[in-house]
Amino acid sequence: MSAFPPGFLSDEDFFHVVQHAPLVSIDLIVTRHGGQEVLLGKRRNPPAQGWWFVPGGRIRKGETLADAFQRITLAELGVRLAIEAAHLLGAWTHLYPQEAFRGLPAADIHYVTLGYHLERDLEAEALPAEQHGAFRWFPVAEASKAPEVHRYTQWYLEALSRG
């Protein structure tokens with residue numbers, strides 16, 4: 001019997017997966033005021049540590065997309081939302097060369113990320129802080145060009161602007 005909850009791996013097993021396969025994740029592009037502002041968090045952990053980035057998380061083995069969406073919205077936004085509350089913007093490839101993970105050797109990290117857009121007015125200061133040290137609302141026009149906002153987040157904002 002594993003000491004880890006379903007869908008979790010030991011750090012060593014996770015490192016092995018990262019070395020040999022892409023990870024699949026959901027990113028949440030949360031806007032308010034008719035899409036004028038976007039919610040970003042300052043990343044605490046790799047990948048993209050130290051960057052302003054959208055909230056999101058990995059899909060676990062055996063988890064449906066709908067279940068993963070509910071789990072990730074609860075963990076990242078503090079509210080469990082149904083996937084029907086969002087609109088799929090598209091799928092992206094995120095590559096993070098030579099990222100370290102929990103003291104294990106550095107390895108390239110490859111994500112296939114599904115970007116979901118939802119309009120929701122949330123209190124940034126009240127959001128869970130496990131993955132992000134701080135949250136704030138950025139004007140979309142500012143975030144699209146800000147050097148402290150990760151380029152992958154800026155890709156989502158470009159997709160939003162295209163409609």
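Residues numbered from 1 in each chain as written. Predicted model: local features only at pLDDT ≥ 70, side-chain atom pairs only at ≥ 80, totals over all residues. Heavy atoms only, no water.

A few words on the packing of aromatic side chains. Within the structure shown, the criterion is met by 6 aromatic pairs. Seen from their ring centres, W52 and F138 are 5.2 Å apart, and the 70 degrees between their planes marks the pair as edge-to-face. On the criterion of sequence distance, the pair formed by W52 in strand β3 (residues 52-53) and F138 in strand β7 (residues 132-139) is long-range, its members being 86 residues apart. Taken individually, W52 and F138 each receive the classification buried, so the pair is uniform in this respect. On the basis of an interplanar angle of 70 degrees and a centroid distance of 5.4 Å, the ring pair of F69 and Y116 is categorised as edge-to-face. You can see F69 sitting in helix α2 (residues 65-77) and its partner Y116 sitting in strand β6 (residues 104-119), a full 47 residues away along the chain. Each member of the pair, F69 together with Y116, is buried. Joined through ring pairs, the aromatic side chains of Y96, Y111, Y152 and W155 make up one cluster. When the ring centre of W52 is taken as reference, the NZ or CZ atom of R136 above it lies at 5.8 Å. Geometry around F138 places R136 over its ring, the cationic atom sitting 3.7 Å from the centre. (Phe/Tyr/Trp six-rings, centres within 6.5 Å; stacked < 30°, edge-to-face > 60°. Helix = DSSP H or I, 4+ residues; strand = E, 2+ residues; numbered from the N terminus. Buried < 20%, exposed > 50% of the residue type's maximum accessible area, 1.4 Å probe, protein only. Lys NZ or Arg CZ within 6 Å of the ring centre and 35° of its normal.)

Before going further, it helps to examine the pairing of strand β1 (residues 23-32). The buried count for β1 comes to 9 of 10 residues, which makes it a mostly enclosed element. Taken together, the 3 bridges between β1 and strand β4 (residues 56-58) define a ladder with antiparallel strand orientation. Looking at β4, one finds that I26 is bridged to G57. As judged from the 2 bridges shared by β1 and strand β2 (residues 37-43), these two strands associate in the antiparallel manner. In the strand pairing of β2, R32 is matched with E37. What sits between the antiparallel neighbours β1 and β2 is a turn of 4 residues, in which H33 has the positive phi angle 55 degrees. (Pairing = 2+ DSSP bridges.)

Omega for the peptide link from P46 to P47 comes to -5 degrees, which places this bond in the cis form. Note on placement: P47 falls in the loop between β2 and β3. Despite not being glycine, H33 has its phi angle at roughly 55 degrees, a positive value. Counting through the fold element by element, H33 comes out in the loop between β1 and β2. Looking at H33, the relative accessible area reads 51%, which means it is exposed. Here A48, not a glycine, exhibits a phi torsion of approximately 65 degrees, which is positive. Relative to the elements of secondary structure, A48 occurs in the loop between β2 and β3.

In this section: the nonpolar core. Core analysis: the largest hydrophobic core is formed by 21 residues, its most contacted members being V38, L40, Y96, F138, A143 and V149. Within the residue set of this core, elements represented by two or more residues are β1, β2, β3, β5 (87-101), β6, α3 (140-143) and α4 (151-162). Among the elements that take part in this core, α4 stands out by supplying 4 residues, more than any other. In this view, L40 contacts W52, F53, V54, A134, F135, R136, F138, A143, V149 and T153; residues no more than four positions away in its chain are not counted. (Core = buried A, V, L, I, M, F, W, Y, C linked by side-chain atoms within 4.5 Å. Contact = heavy atoms within 4.5 Å.)

Tracing the backbone through its elements, the reader meets L89 in strand β5. Its relative accessible area of 22% is what places L89 among the partly exposed residues. Look past the residues within four positions of L89 in its chain and what remains in contact with it is I29, G115, Y116, H117, Y156 and L160.

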